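# Residue-level structure breakdown
Below, each chain spelled out in residue letters.
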Amino acid sequence: MNTKKSEELYQRASGFMPGGVNSPVRACKNVGKTPLFIERAEGDKIIDADGNEYIDYVCSWGPNILGHGKKEIIQAVKNSCDNGLTFGACHRGEIALAEIIQRNIPSMEMLRLVNSGTEAVMSAVRAARGYTGRDKIVKFEGCYHGHSDGLLVRAGSGLLTGAIPDSAGVPKGYTENTLLAVYNNEQSVEDLFEKYGNEIAAVIVEPCAANMGVVPPKKGFLEFLRKITEQHGTILIFDEVITGFRLSLGGAQKYYGVTPDMTTLGKIVGGGMPLAVYGGKREIMECVAPLGSVYQAGTLSGNPAAVSAGIAALGILESATELYEQLDEKGAKLEKTLAESGFNVNRVGSLLTVFFTERSVTDYDTAKTSDTNKYAKFYSYLLENGVYTAPSQFEAMFISSAHSDEDIEYTCQVIKQYRI
Ligand code: KE4
């Protein structure tokens, strides 16, 4: 592939943004490449600055479940913009979007629109702490919940003590109330509740992990979390920024049949525009200003253009009843080809990850046994063959309704020719 123009643009961008990017993973450092600069995208294709075309399995990290440039979404945003970009005031679109969300995720009895998944999670955790009056939270190694200080953590001297910052610039005091457990390991959660019990405000979990690569919850794990949090008066938060409207119209909580107290949403819910949501039980959300004493605010929260994209996208998903079955079939076809070609693959619906390890990947420790150099080699091979996947072993491949049977079949042929 000739990527000369992208390389030139990357050099210029590097003079303005750290690493030339506005989000670290885009720098492609994990796969030893420099980023492509995308000019435009249509359906399941993206086209870079040099005119190279790729089948896109990143889908902007999840939002584009309907593919790129969906006409109805674009038109909805244009129509909204014709009426003005932002009012900093209430508008009817906020109600319409809230109704669609609540219709499909009834556990979100009351909700608040914000601008990013990070903001949604940060606000949900604050509301859980404000409602319970407790300080500690539990998260799981390998799960990512955005970059708010208290959630950028790694295990300290052990899992039974407060976590330590996993980023410079985060004071130790910001993470000492964050406790780390092991995904799919009930004992690690029981140990924390035994030691801290009624001090724990919330347990936050990706109900199907996708930030250590795709790692599904083992049978009974989510039900266990639901039970132990109820026993201790702890808020169970499902971070559905990826899984919301991805695994089903009701997200992972419908897919797995476990209902949390609070949910965060992002990506798909904004139809490709900057919009995210947090919400849950009415009694919890009524603690949020201006009703209650938990403060949270945002200049562009509920932005009309972003809201119009979310309404359009969710409206299409609600009417496309076969969509989730079709996404699952496409995922299954890729998974079958990968498995038959000797790859180690985890898949849930239209989310999948290829791991370069012999181990069965069920948590962060097993995910980390994957050979990231082998992943990088596979990434480059796919890219050279016009298949664009996540430039990191610890992300997911995303499939959209725009991925044609021909493009899925082409991808399978490319996979079959690869020698691990
Ligand atoms: P944002 O602040 O990036 O909108 O959302 C943070 C977030 C929260 N929760 C989950 C489960 C998430 O996956 C994310 C963000 N996901 C990453 C990809 N794994 C976004 C891509 C990036 O950081 O550039």
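Structure shown above.
Let me begin by describing the structure that accompanies this report. Computed from a predicted model, the values in this text were never measured in an experiment.

Attention now moves to the site of the ligand. Around the ligand, a shell composed of 16 residues is seen, among which Ser23, Thr118, Asn211, Asp239 and Glu395 lie nearest. Here a nitrogen atom of the ligand and a backbone polar atom of Tyr144 are 3.4 Å apart. Relative to its free-state accessible area of 530 Å², the ligand is covered by the protein chains to the extent of 85%. Looking at the shell around the ligand residue by residue, the classes come out as five nonpolar, seven polar and four charged.

Now for the packing of aromatic side chains. On inspection of all chains with the given rule, the structure shows 12 aromatic pairs. Aromatic pair Tyr54 and Tyr388: ring centres 6.0 Å apart, planes at 50 degrees, arrangement tilted. Of the two residues, Tyr54 sits in strand S3 (residues 53-56) while Tyr388 sits in strand S15 (residues 387-388), which places them 334 residues apart along the sequence. Just as Tyr54 is buried, Tyr388 falls in that class too. With a centroid separation of 5.7 Å and 75 degrees between ring planes, the pair formed by Phe140 and Phe221 is classed as edge-to-face. One end of the pair, Phe140, is in strand S5 (residues 136-140); the other, Phe221, is in helix H6 (residues 221-232), with 81 residues separating them in the sequence. Each member of the pair, Phe140 together with Phe221, is buried. One aromatic cluster is present, built from ring pairs that chain together Phe343, Phe356, Tyr375, Phe378, Tyr381 and Tyr418.

Here the focus is the pairing of strand S14 (residues 351-355). The buried fraction of S14 is high, at five of five residues. Of the two faces of S14, the one carrying Leu351, Thr353 and Phe355 and the one carrying Leu352 and Val354 are both buried. Pairing analysis gives five bridges linking strand S13 (residues 344-348) to S14, with the strands arranged antiparallel. The partner of Asn346 across the bridge, within S14, is Thr353. Between S13 and the antiparallel strand that follows it, S14, lie two residues; Gly349 among them carries a positive phi value of about 60 degrees.

About the thresholds
- Residues numbered from 1 in each chain as written.
- Predicted model: local features only at pLDDT ≥ 70, side-chain atom pairs only at ≥ 80, totals over all residues.
- Heavy atoms only, no water.
- Near = heavy atom within 4 Å.
- Polar contact = N/O pair within 3.5 Å; in protein donor to acceptor, adjacent residues only side chain to side chain.
- Areas by Shrake-Rupley, 256 points an atom, 1.4 Å probe, with all protein chains shown as cover.
- Nonpolar A, V, L, I, M, F, W, Y, C, P; charged D, E, K, R; others polar.
- Phe/Tyr/Trp six-rings, centres within 6.5 Å; stacked < 30°, edge-to-face > 60°.
- Helix = DSSP H or I, 4+ residues; strand = E, 2+ residues; numbered from the N terminus.
- Buried < 20%, exposed > 50% of the residue type's maximum accessible area, 1.4 Å probe, protein only.
- Pairing = 2+ DSSP bridges.

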